[in-house]
Amino acid sequence: MRYANGVTALDGIDLDFPRGKLTTLLGPSGCGKTTLLKIVAGLFRPTTGTVAVNGKVVTGPGPERALVFQDFALLPWATVLRNVAFGLELRGVAKSEREAIAARYIREVGLAGFENQYPNQLSGGMRQRAGLARALTVNADILMMDEPFSAVDEQMRRKLQEDLLSLLQVEKKTVIFVTHSIEEAVYLSDRIVLLSRRPSRVSAIRDPGIAHDLPPDQIRRDQRYLDTVDEIWDTLKQYLQ
Ligand SMILES: Nc1ncnc2c1ncn2[C@@H]1O[C@H](COP(=O)(O)OP(=O)(O)OP(=O)(O)O)[C@@H](O)[C@H]1O
C-alpha cells in the first residue's frame, strides 16, 4: 500500500485470518497496522493486491465487517441506546426492533441501566463497551478492533480484555485486533502477526496456544504466556531505533 504522499506502508503482505479466531497485528509504531485494518474494512483501496472475505473480493465496506475504533466515534448528542442501535438505524431497521436488539447487546457488554445516558456521562471504559455493543448489534461476522482499550487505565483495560474473551465465547466472531501491548496480544490472541518496520512485511506468526477459558490470573501466570511475551519482545525490539 503506497499513499499519495509517497509513503509505502505495507509491502507484500500475504495473510489469512482464520474464521472464529482472534488475530492480532503487532508491530512498531507507524508500520501500517491501521492501514491494513482499513484496507480489510474496505475504507482504503490497496495500491496492489486484493482482500477477499469468504472468497469474495472486497471492493468497499460490507455488512459482514464492523470496525471498532479506539474512541468508538460515539455520537455525542445521542443516548447509549440510540448510539448502539445506530448501525441498524442506518440500515433502515424499524425503531422497536433495533432498540430491542441494541438493549440485548447493551446488557451483554455490561451496560444495562445506562441506556438513556449520553456519551459524556460515561467513563472511558463504558464508552468502549458502548462502541463494542454497537459493533455487535450489526451482527457482522468479522470485527476489526483498532487499539480499542488503549485510552483506559490499566485496571479497566484488564477488565475489558477479560470481558471481550468471555463475550467471544458466546458470540463466535472473527476478530482482527490491533494493539501496541505485547501482553494484551498474548492474553487475547489465537494468533499474533508480527509486522516489521515500514514498508511493513510479515515478520513472524505466533500461536500463543493459551486456553482462553482458564481464569485470567492463571493465564497471566502461565509459563507459556510469559515465554511468548518474552519471545515476541525479542523479535520486536530489533525494530526500535
Ligand atoms: N491517509 C494517509 N496519507 C498518507 N500517509 C498516511 C495516511 N495514513 C497513514 N499514513 C502513513 O502510513 C504509515 C502507516 O500508518 P498507520 O497508521 O497504518 O500505522 P500504524 O502501524 O497503525 O501506526 P501506530 O502504531 O502508530 O498507530 C505512517 O507512516 C503514516 O504516517
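One can find the structure itself at the top, above this paragraph.
Residues numbered from 1 in each chain as written. Predicted model: local features only at pLDDT ≥ 70, side-chain atom pairs only at ≥ 80, totals over all residues. Heavy atoms only, no water.

1. Examining the overall build of the chain
What the chain contains, in helices and strands, is eight helices and eight strands. For 241 residues, the compact-globule estimate of 2.2 N^0.38 gives 18 Å, and the C-alpha radius of gyration of the chain, at 18 Å, lies within 12% of that figure. Taken along the three principal axes of its C-alpha coordinates, the chain extends 50 × 45 × 30 Å. Taking all 241 residues of the chain together, 49% fall into the buried category. Of the contacts formed within the chain by residues at least 6 apart in sequence, a portion of 69% connects residues at least 24 apart. Between the averaged position of the 31 positive side-chain charges in the chain and that of its 29 negative side-chain charges there is a distance of 5 Å. (Helix = DSSP H or I, 4+ residues; strand = E, 2+ residues; numbered from the N terminus. Rg over C-alpha atoms; globule rule 2.2 N^0.38 Å. Buried < 20%, exposed > 50% of the residue type's maximum accessible area, 1.4 Å probe, protein only. Contact = heavy atoms within 4.5 Å. Lys, Arg positive; Asp, Glu negative; His and termini not counted. Charge placed at Lys NZ, Arg CZ, Asp CG, Glu CD.)

2. Topic: the site of the ligand
S29, K33, T35, H180 and R198 are the nearest of the 13 residues found near the ligand. At 3.3 Å, a side-chain N or O of Y3 approaches a nitrogen atom of the ligand. Calculation on the ligand without its partners gives an accessible area of 640 Å², and the protein chains cover 66% of this total. (Near = heavy atom within 4 Å. Polar contact = N/O pair within 3.5 Å; in protein donor to acceptor, adjacent residues only side chain to side chain. Areas by Shrake-Rupley, 256 points an atom, 1.4 Å probe, with all protein chains shown as cover.)

3. Concerning helix α2 (residues 80-90)
Taken across its eleven residues, α2 has eight buried, putting it largely inside the fold. All of the buried residues in α2 are V80, L81, N83, V84, A85, F86, G87 and L88. G92 occupies a position one or two residues after α2 and carries a positive phi of about 80 degrees.

4. Focus on the nonpolar core
Counting 49 residues, the largest nonpolar core has L26, L132, L164, F177, V186 and I232 as the members making the most contacts within it. Counting only domains with at least three residues in this core, you end up with domain 1 (1-64 + 141-241) and domain 2 (74-139). Setting aside residues up to four positions removed in sequence, F177 forms contacts with L22, T23, T24, L25, M145, P148, F149, L164, E184 and L188. Counting residues in each nonpolar core, the second largest holds 19 residues, with L10, L25, V58 and M144 among its members. (Core = buried A, V, L, I, M, F, W, Y, C linked by side-chain atoms within 4.5 Å. Domains from an automatic or database assignment.)

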